[in-house]
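Coordinates in review
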Amino acid sequence: MPDDGRYQTLFEFSNRAILTLENGLISDCNLSAMSLFEANLKDQLIGKSLSELAPKLQLEDPNDPNSVDKQFDLAELLSNLVFSHLIQAAT
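Let us look at the structure shown here. (Residues numbered from 1 in each chain as written. Predicted model: local features only at pLDDT ≥ 70, side-chain atom pairs only at ≥ 80, totals over all residues. Heavy atoms only, no water.)

Things to note about the pairing of strand S2 (residues 25–29)
Every other side chain in a regular strand lies on the same face of the sheet, so the side chains alternate between the two faces. Test applied: Two strands are said to pair when DSSP picks up at least two bridges between them. In this description a helix means any DSSP run of H or I spanning at least four residues, a strand means any run of E spanning at least two, and both kinds are numbered starting from the N terminus.
By the bridge criterion, four bridges tie strand S1 (residues 19–22) to S2 in an arrangement that is antiparallel. Bridge pairing in S2 places leucine 21 opposite isoleucine 26. Here S1 hands over to S2 after two residues, with asparagine 23 in that stretch at a positive phi of 55 degrees.

Points about unusual backbone geometry
The phi angle at asparagine 23 is positive, at roughly 55 degrees, despite the residue not being glycine. By the element assignment, asparagine 23 lies in the loop between S1 and S2. In this model, glutamate 38 sits at a positive phi of 55 degrees, which is unusual for a non-glycine residue. Along the chain, the position of glutamate 38 falls in the loop between helix H2 (31–36) and helix H3 (50–53).

So, the pattern of salt bridges
So the rule is basically this: Think of a salt bridge as a Lys or Arg side-chain nitrogen and an Asp or Glu carboxyl oxygen that are within 4 Å of each other. Partly exposed describes any residue whose relative accessible area lies between the buried limit of under 20% and the exposed limit of over 50%, with all areas from a 1.4 Å probe on protein chains only and scaled to the type maximum.
The tally for this structure, following the rule as stated, stands at two salt bridges. A salt bridge links glutamate 12 to lysine 42; the shortest N-O distance between them is 2.7 Å. Separated by 30 residues along the polypeptide, glutamate 12 in helix H1 (residues 4–13) and lysine 42 in the loop between H2 and H3 bring together distant segments of the chain. The shortest N-O distance in the salt bridge between lysine 42 and aspartate 28 comes to 3.0 Å. Of this pair, lysine 42 sits in the loop between H2 and H3 while aspartate 28 sits in strand S2; the two residues are 14 residues apart in sequence, bridging distant segments of the chain. For lysine 42, a relative accessible area of 23% corresponds to the partly exposed category. Taken together, the shared-partner salt bridges in this structure form one network comprising Glu12, Asp28 and Lys42.

What to know about the packing of aromatic side chains
Applicable threshold: Two aromatic rings from Phe, Tyr or Trp, using only the six-membered ring of Trp, form a pair when their centres are within 6.5 Å; if the ring planes differ by under 30 degrees the pair is stacked, by over 60 it is edge-to-face, and anything between is tilted. We call a charge positioned over a ring when the NZ of a Lys or the CZ of an Arg lies within 6 Å of the ring centre and within 35 degrees of the ring normal.
This structure, assessed with the given rule, holds zero aromatic pairs. One residue, arginine 6, lies across the ring of tyrosine 7, its end atom 5.9 Å from the ring centre.

Right under this line is the structure:
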């Protein structure tokens, strides 16, 4: 199995903002996420909910199934699932 350090490096230096959630709260983030939310330290994001980072004014219909609040609810639900991947090296 590949080295976990390699995956941590990919996570940290990805050009995409990545947040990991536990119980609906940010448990980790990468440098791109810190830049997106103008955080100098991970601790400025860790422990916050996604709704705390969203703009206070949402210019959309709250009953729309694609509204930001509905998307946050879905992200929280999915964050409680545990995904595992089996990686097999080609021989």
